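As a plain string of letters, each chain reads:
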Amino acid sequence: MEDEVDRLVTAWAVERPDLDIEPLHVLSRVSRLARHLDRARRAVFVAHDLESWEFDVLTALRRAGRPYQLSPGRLLRATLVTSGTMTNRIDRLAAAGLVERHPDPQDKRGVQVRLTEAGRLRVDAAFADLLDRERDLLGGLSAAEQRQLARLLRTLIVPFDESTDPDPLA
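Please read all numbers here as calculations on a predicted model, not as lab measurements.

J.: Sorry, what's going on with the sheet that holds strand β3 (residues 107-115) here?
T.: Whenever strands of a sheet pair, they do so through backbone hydrogen bonds, lying parallel or antiparallel. A sheet is described by the order of its strands in space; here 3 strands give the open sequence β1-β3-β2, paired in antiparallel fashion. The strands lining the two open edges of the sheet, one partner per strand, are β1 (69-70) and β2 (99-104). Relative to β3, β1 is paired through 2 bridges, and the arrangement is antiparallel. Paired with Gln69 across the bridge in β3 is Arg114.

Structure representation (structure tokens):
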């Protein structure tokens, strides 16, 4: 079985025999898979009338457990955006009836962002459909192969996640 990455690696081996092109075997496939995953996710989000950023905020709230609320600061950390961006996102989600702002009982100046019932229903349905799509993407691998791939990818990702630099490649 040959894929597009095999063809591009072969072409680079001919054009640049002086370079070690082995990383392309793995990372070009990861990159191509990421594009396929992005397309599948966008299709699910469109079907549920959601943008990817909306899904990110709503799932952060949903994962928080009852009463499905977080402070804007916790949402910032969960979604890796600036405070101005988060304020705008909360405003838009509130206008759509997917979240509500409530006073923070622990901090008189603070607020808590809470998932509404409509927001919970929408994100639950989108998440279930997303898992179906992602399961389809992994259909060519056995359960054991999926666990092995997850372990290998974790080994690659952990150093980036543990870095104190928010963008280690910058």
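That shown, we press on.
J.: Looking at this structure, I do not really get the UniProt feature "domain: HTH marR-type" (unreviewed entry) in the protein. What am I missing?
T.: According to UniProt, the positions carrying the feature "domain: HTH marR-type" (unreviewed entry) are residues 23-158. Within residues 23-158, the helical portion is 70% and the strand portion 12%, while the C-alpha atoms at the span's ends are 18 Å from each other.

J.: Explain helix α7 (residues 143-162) to me, please; I cannot follow it from the model alone.
T.: Each α-helix winds once per 3.6 residues, and so residues spaced three or four apart point in a common direction. For α7, with 20 residues, the first-to-last C-alpha span of 28 Å sits near the 28 Å given by 1.5 Å per residue. The largest bend in α7 is about 35°, located at Leu156, with the proline Pro159 one to four residues further on.

J.: Looking at this structure, I do not really get the pairing of β3. What am I missing?
T.: The two faces of the sheet receive side chains in turn, since in a regular strand these alternate between them. Strand direction decides the pairing type here: β2 and β3, joined by 6 bridges, are antiparallel. Bridge pairing in β3 links Val99 to Leu115. Hairpin connection, β2 to β3: the antiparallel pair is bridged by 2 residues.

J.: Can you walk me through the environment of Asp129 in this structure?
T.: Within the fold, Asp129 resides in helix α6 (residues 117-137). Of the residues examined, Asp129 reaches a relative accessible area of 34% and is grouped as partly exposed. Put simply, Asp129 and Phe45 are 84 residues apart on the chain and 9.1 Å apart in space, counted from C-alpha to C-alpha. In this structure, Asp129 is in contact with Val44 and His48, ignoring residues within four places of it in sequence.

J.: Sorry if this is basic, but what is going on with the side chain of Arg89 here?
T.: Relative to the helices and strands, Arg89 resides in helix α5 (residues 83-95). Aside from chain neighbours lying at most four places away, what touches Arg89 is Trp53 and Val81.

J.: Help me out: how do you make sense of a nonpolar patch on the surface in this one?
T.: A contiguous nonpolar patch, built from Val26, Leu27, Val30, Leu156 and Ile157 and spanning about 420 Å² of accessible area, is present on the exposed surface. Every element with two or more residues in the nonpolar patch is listed here: α2 (22-47) and α7. Broken down by element, the residue count for the nonpolar patch peaks at 3 residues, all from α2. Here Leu27 lies in helix α2.

J.: Sorry if this is basic, but what is going on with the nonpolar core here?
T.: For soluble globular proteins, the rule of thumb is that nonpolar side chains tend to be buried together. Ranked by internal contacts, the top residues of the largest apolar core, which has 22 residues, are Leu50, Phe55, Leu58, Leu61, Leu75 and Leu93. Breaking this core down by element, the ones donating at least two residues are α2, α3 (52-63), α5, β3 and α6. Here the element with the most residues in this core is α3; it accounts for 6 residues. Once residues lying within four places of it in the same chain are set aside, the contact partners of Leu93 are Trp53, Glu54, Val57, Leu58, Leu98 and Val99.

J.: Explain α2 to me, please; I cannot follow it from the model alone.
T.: Between the first and last C-alpha of α2 there are 39 Å, a value that for 26 residues agrees with the 38 Å anticipated at 1.5 Å per step. Of all the positions in α2, only Ser28, Ala40, Val44 and Phe45 are classed as buried. At its buried positions, α2 is contacted by α1 (4-15), α3 and α6. One or two residues past the end of α2 sits Asp49, with phi positive at roughly 55°.

Cut-offs applied
- Residues numbered from 1 in each chain as written.
- Predicted model: local features only at pLDDT ≥ 70, side-chain atom pairs only at ≥ 80, totals over all residues.
- Heavy atoms only, no water.
- Pairing = 2+ DSSP bridges.
- Helix = DSSP H or I, 4+ residues; strand = E, 2+ residues; numbered from the N terminus.
- UniProt positions renumbered as here; feature names shortened; annotations may be inferred.
- Expected span 1.5 Å × (residues − 1).
- Bend = angle between axes of the 7 residues up to and from the residue.
- Buried < 20%, exposed > 50% of the residue type's maximum accessible area, 1.4 Å probe, protein only.
- Contact = heavy atoms within 4.5 Å.
- Patch = residues over 30% accessible without salt bridge, like charges linked within 9 Å, V, L, I, M, F, W, Y side chains within 5 Å.
- Areas by Shrake-Rupley, 256 points an atom, 1.4 Å probe, with all protein chains shown as cover.
- Salt bridge = Lys/Arg side-chain N within 4 Å of Asp/Glu carboxyl O.
- Core = buried A, V, L, I, M, F, W, Y, C linked by side-chain atoms within 4.5 Å.

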